[in-house]
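# Structural overview
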Amino acid sequence: MIMTKEEHNKYSRCGRFLQLEVEKDIGRLLLDERLKRGLQVDEICNYTKIKQLTVESTELGRCRLRWCAVAWLLMYYRKKLEIRLVDVK
């Protein structure tokens, strides 16, 4: 299928928006997990050796995800990511 430049730009913008939303969702889930456990950021940083700015930025969706940091946090929490498709209301 051949796309026009306009079509390509439209799909690229949609893909980038989806990526940002997924990254923010992951960050929110990690923040919720930390708060549920009553942990401070510095406690996690001491154990995982992840910089405090990286943990905070990940949780608050301030930057692109550093997947290595996400992997360490998931191991620390003994969690895994699960991707599901859900019906749109």
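In this text, all values refer to a predicted model and were calculated from it rather than measured experimentally.

The subject of this paragraph is the overall build of the chain. From N to C terminus, the chain includes 4 helices and 0 strands. Taken from N to C terminus, the helices and strands of the chain fall in the order α-α-α-α. Taking 89 residues into account, the globule formula puts the C-alpha radius of gyration at 12 Å, and the chain, at 16 Å, lies well above it. With respect to the three principal axes, the spread of C-alpha positions in the chain is 50 × 30 × 20 Å. A burial count over the chain gives 27% of its 89 residues as buried. For the chain, the share of sequence-separated contacts (at least 6 apart) that also reach a separation of at least 24 residues comes to 62%. For the chain, the exposed area adds up to about 7500 Å²; of that, 57% sits on carbon and sulfur atoms. The centroid of the 19 positive side-chain charges in the chain is displaced by 3 Å from the centroid of its 13 negative side-chain charges.

What follows is about the packing of aromatic side chains. Counting across every chain of the model gives 2 aromatic pairs. Consider the rings of Y47 and Y76, whose centres lie 5.0 Å apart with planes at 50°: the pair is tilted. Separated by 29 residues along the polypeptide, Y47 in helix α2 (residues 41–48) and Y76 in helix α4 (residues 67–77) bring together distant segments of the chain. Look at Y76 and you get partly exposed, because its relative accessible area is 22%. Judged by centre distance (5.5 Å) and plane angle (65°), the ring pair of Y76 and Y77 falls under edge-to-face.

What counts as what
- Residues numbered from 1 in each chain as written.
- Predicted model: local features only at pLDDT ≥ 70, side-chain atom pairs only at ≥ 80, totals over all residues.
- Heavy atoms only, no water.
- Helix = DSSP H or I, 4+ residues; strand = E, 2+ residues; numbered from the N terminus.
- Rg over C-alpha atoms; globule rule 2.2 N^0.38 Å.
- Buried < 20%, exposed > 50% of the residue type's maximum accessible area, 1.4 Å probe, protein only.
- Contact = heavy atoms within 4.5 Å.
- Areas by Shrake-Rupley, 256 points an atom, 1.4 Å probe, with all protein chains shown as cover.
- Lys, Arg positive; Asp, Glu negative; His and termini not counted.
- Charge placed at Lys NZ, Arg CZ, Asp CG, Glu CD.
- Phe/Tyr/Trp six-rings, centres within 6.5 Å; stacked < 30°, edge-to-face > 60°.

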